[in-house]
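# Structural overview
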Amino acid sequence: MKKETTATDTKKKTVKKVVKPIATSVANVGIITCKDLNKQFMGIKAIDNLSISIPEAKTTGLIGPNGSGKTTLMNVLTGMISPDSGEIMVRDKKRKRIKSHELRKYRIARTFQDGRLIEQLSVEDNLLLPVAENTLISSLKEIKTDDYKKRMEKVLEITSLAKHRHKRAEELSYGLRKLLEVGRVLMQDVDIYFFDEPFTGLFPEVVEQVCGIIGGLQKQGKTIVIIEHNMGLIKRLSDYIIVLNHGALMAEGEPDDVLQNKDVREAYLGV
C-alpha cells in the first residue's frame, strides 16, 4: 500500500548523546507510572532503568530520536511485550507487566504504526471486533448489539468512513486505513488512549481530521499518549512531553520548557 508522502513523515536521525532530565512540572504520581523499567533485545537496551509518570486527563507527547525506545515503551505499557524488570502502576494497581488481554480491564486502547486491520473484513466489522469478546468467530456473533451499533454510527461519522462501511479493509486507501485504525480505538470508549504515529504519511486535510478527533477526546478528559516526530503537532496537542534517548529519560515537562531546552534541541532537533 503506497503512502501519501508529506512533511509529517520526516523523522530525525538517531543520536548518541544522553543528557540529564530537566525538572518535571507534573506530580510524580500519574494515571500510569513506571519505576526502574528495563527491556533488552539481543543485549541492546531498548528501555534503560526508566522511571516516568503519565499525567491523568492530559495529552503526553512521547518523543525521541529513531531507536530511542518510544514504541518499545508503548508496547510494554499496552501488554504487547513484557519488561525484563521494573514495576508498572496503572492507577493504584501495581504490576510487573500488563497483559494484552487485560487492556479492557485497565480501560486502555491503542493504535499501531502499521495498523492491525483484518483485511478481508468490512469497515463495519473491523470497527466492531475490538469491542466484542473472545475469539473471532464468537465475536462476529456478538457484534449486532444496539449499543455497539450506535457507537459505530458515531465513529463512522467522525472518521468519514460511513460511505465506505461495506468495503473490505484491503480496498481502502492509506489515509482511510489510518482513519479506520483510529476508529477502532474510538469504538472501545476507554480512559487511556495510546496513538503510535497516527499522522505518518497523511495528507494535511487528514492530519487536521485526526487532530480534531484527538481534540474531541481531550475535551472528554481522556488521558492520551502520542508518539509523533512532527514537533509542530506535538507542541499543538501536548500538555506534557517525555523525551527518550537510547531507552533512558532525556527530559520531561511542559512543551515550551522541553522543546526550548538546549540539550534536547541539540540531541533531537539537531539545532
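Here the structure is a predicted model, which means the values were calculated and not measured. (Residues numbered from 1 in each chain as written. Predicted model: local features only at pLDDT ≥ 70, side-chain atom pairs only at ≥ 80, totals over all residues. Heavy atoms only, no water.)

## Re the overall build of the chain
Short version of the rule: Secondary structure elements follow DSSP: runs of H or I no shorter than four residues count as helices, runs of E no shorter than two count as strands, and numbering proceeds from the N terminus. Three exposure classes are used, based on accessible area relative to the maximum for each residue type with a 1.4 Å probe and protein chains only: buried under 20%, partly exposed in between, and exposed over 50%. Contacts between residues were defined by any pair of non-hydrogen atoms, one from each residue, lying within 4.5 Å. Calculation of accessible area relied on Shrake-Rupley with a 1.4 Å probe; when residues are assessed, cover is drawn exclusively from the protein chains displayed.
For the chain, the helix and strand inventory stands at 10 helices and 10 strands. Counting every position in the chain, which comprises 271 residues, the buried fraction comes to 53%. For the chain, restricting intrachain contacts to residue pairs at least 6 apart in sequence, the fraction spanning at least 24 positions comes to 70%. Taken as a whole, the chain presents about 13,000 Å² of accessible surface, with 50% of it coming from carbon and sulfur.

## Describing the packing of aromatic side chains
Here is the rule: The aromatic pairing rule takes the rings of Phe, Tyr and Trp, using the six-membered ring of Trp, and pairs them if the centres are within 6.5 Å, calling planes under 30 degrees apart stacked, those over 60 edge-to-face and the rest tilted. Put simply, a charge is over a ring when the Lys NZ or the Arg CZ is close to the ring centre, within 6 Å, and near the line of the ring normal, within 35 degrees.
All chains considered together, the criterion is met by 1 aromatic pair. When the centroid spacing of 6.3 Å and the interplanar angle of 15° are considered together, the rings of Tyr193 and Phe195 count as stacked. For Tyr193, a relative accessible area of 2% corresponds to the buried category. The buried category is assigned to Phe195, whose relative accessible area is 1%. Taking NZ or CZ as reference, Arg110 lies 4.0 Å from the ring centre of Phe112, over its face. Here the guanidinium or amino end of Arg116 rests over the ring plane of Phe112, the centre of that ring lying 3.9 Å away.

## As for the nonpolar core
Our working rule: Working definition of a nonpolar core: buried Ala, Val, Leu, Ile, Met, Phe, Trp, Tyr and Cys residues. They are joined through side-chain atoms within 4.5 Å.
Among the nonpolar cores identified, the biggest contains 37 residues, and Leu127, Leu180, Phe195, Phe199 and Ile214 are the most heavily contacted of them. Secondary-structure elements contributing two or more residues to this core are helix H3 (123-128), helix H5 (146-158), helix H6 (174-186), strand S7 (192-196), helix H7 (204-219), strand S8 (223-227) and helix H8 (231-237). In terms of nonpolar packing, the next biggest core, distinct from the first, is built from 27 residues, Ile54, Leu62, Met74 and Val76 among them.

## Structural notes on the sheet that holds strand S6 (residues 108-110)
The strands making up a sheet associate through hydrogen bonds between their backbones, and the pairing can be parallel or antiparallel. Just so we agree on the cut-off: Two strands pair if DSSP finds at least two bridges between them. Helix axes use the C-alpha atoms of the stretch in contact, all axes being lines fitted to C-alpha atoms, and the angles between their N-to-C directions lie in the range 0 to 180 degrees.
Pairing within the open sheet is mixed, and its 6 strands lie in the order S6-S7-S8-S3-S9-S10. Sheet topology places S6 and strand S10 (248-253) at the edges, where each strand pairs with a single neighbour. Strand-to-strand twist in this sheet, taken as the mean axis angle between neighbours without regard to direction, amounts to 15°. Both strand S3 (residues 59-63) and strand S9 (residues 240-245) contribute to a ladder of 4 bridges, which runs parallel.

## Considering the environment of Lys222
Under the convention used in this document: For the purposes of these results, a polar contact is taken to be a pair of N or O atoms within 3.5 Å, where, inside protein, one atom must be able to donate a hydrogen and its partner to accept one; residues adjacent in sequence count only when each atom of the pair is a side-chain atom.
Note on placement: Lys222 falls in the loop between H7 and S8. Once the C-alpha coordinates of Lys222 and Lys58 are considered, the two residues, 164 residues apart in sequence, prove to be 6.9 Å apart. Lys222 has contacts with Ala57, Lys58, Asp189, Val190, Asp191, Tyr193 and Leu217, leaving out every residue within four places of it along the chain. Within the local environment of Lys222, its side chain forms a polar contact with the backbone oxygen of Val190, the two atoms lying 2.8 Å apart.

## Re the side chain of Thr78
Within the element layout of this structure, Thr78 appears in the loop between helix H1 (70-77) and strand S4 (85-90). Discounting residues that sit within four places of it in the chain, Thr78 has contacts with Ser100, Leu103, Ile108, Arg110 and Phe194.

## Quick notes on the pairing of S3
Extensive coverage of S3 is indicated by the burial of 5 of its 5 residues. Going residue by residue along S3, you find Thr59, Gly61 and Ile63 tucked away on one face and Thr60 and Leu62 tucked away on the opposite face as well. Where S3 meets S8, 4 bridges bridge the pair, whose relative direction is parallel. When the bridges of S8 are listed, Gly61 appears paired with Ile226.

## Quick notes on the sheet that holds strand S2 (residues 44-54)
Pairing within the open sheet is antiparallel, and its 4 strands lie in the order S2-S1-S4-S5. Of all strands in the sheet, those bounded by a partner on one side alone are S2 and strand S5 (93-95). Taking the axes of each pair of neighbouring strands and ignoring which way they run, one obtains an average angle of 20° across the sheet. Sheet analysis places S4 next to S5, joined by 3 bridges and oriented antiparallel. If you follow Ile88 over to S5, its bridge partner there is Arg95.

## Notes on the layout of surface pockets
Our working rule: Here a cavity is any set of points on a 1 Å grid over the protein atoms alone where a 1.4 Å probe fits but cannot get out, and a pocket is any open set with protein on both sides within 12 Å along at least 5 of 7 lines; a residue lines the site when it has an atom within 4 Å of a point. Grid points are joined across faces, edges and corners, and a volume is the space filled by probe spheres set on the points.
Empty space within the largest pocket amounts to approximately 640 Å³. Around the largest pocket, the lining is made up of 20 residues, and of these Ser100, Leu103, Pro130, Arg184 and Gln188 lie nearest the centre.

## Looking at H6
Our working rule: Expected helix span is taken as 1.5 Å per residue step, with the number of steps being one fewer than the number of residues.
Here H6 is 13 residues long and its end C-alpha atoms lie 19 Å apart, about the 18 Å a rise of 1.5 Å per residue gives. With 13 of 13 residues buried, H6 is to be regarded as a mostly interior element.

## Describing the confidence of the model for the chain
Heads up, the rule is: Confidence of the predictor at the level of single residues is captured by pLDDT, which takes values from 0 to 100.
On average, the chain scores 87 in pLDDT, and the residues at 70 or more come to 84%. For the stretch residues 7-27, pLDDT sits under 50, and the model shows 56 contacts to residues farther than four places along the chain or on other chains.

## Overview of the packing of H6 against H7
To keep things clear, this is the line we draw: Our angle categories are set so that under 35 degrees counts as roughly parallel, over 145 as roughly antiparallel, 65 to 115 as roughly perpendicular, and the remainder as oblique. Under the scheme applied, nonpolar residues are Ala, Val, Leu, Ile, Met, Phe, Trp, Tyr, Cys and Pro; charged residues are Asp, Glu, Lys and Arg; polar residues are all the others, including Gly.
As a packed pair, H6 and H7 sit with axes 11 Å apart at the nearest point and diverge in direction by 5°. Between H6 and H7, the interaxial angle falls into the category roughly parallel. Counted together, Gly175, Leu179, Val182 and Leu186 of H6 and Val206, Gln209, Val210, Ile213 and Leu217 of H7 form the full contact between these two elements. Broken down by class, the residue content of the contact of H6 with H7 amounts to 7 nonpolar, 2 polar and no charged.

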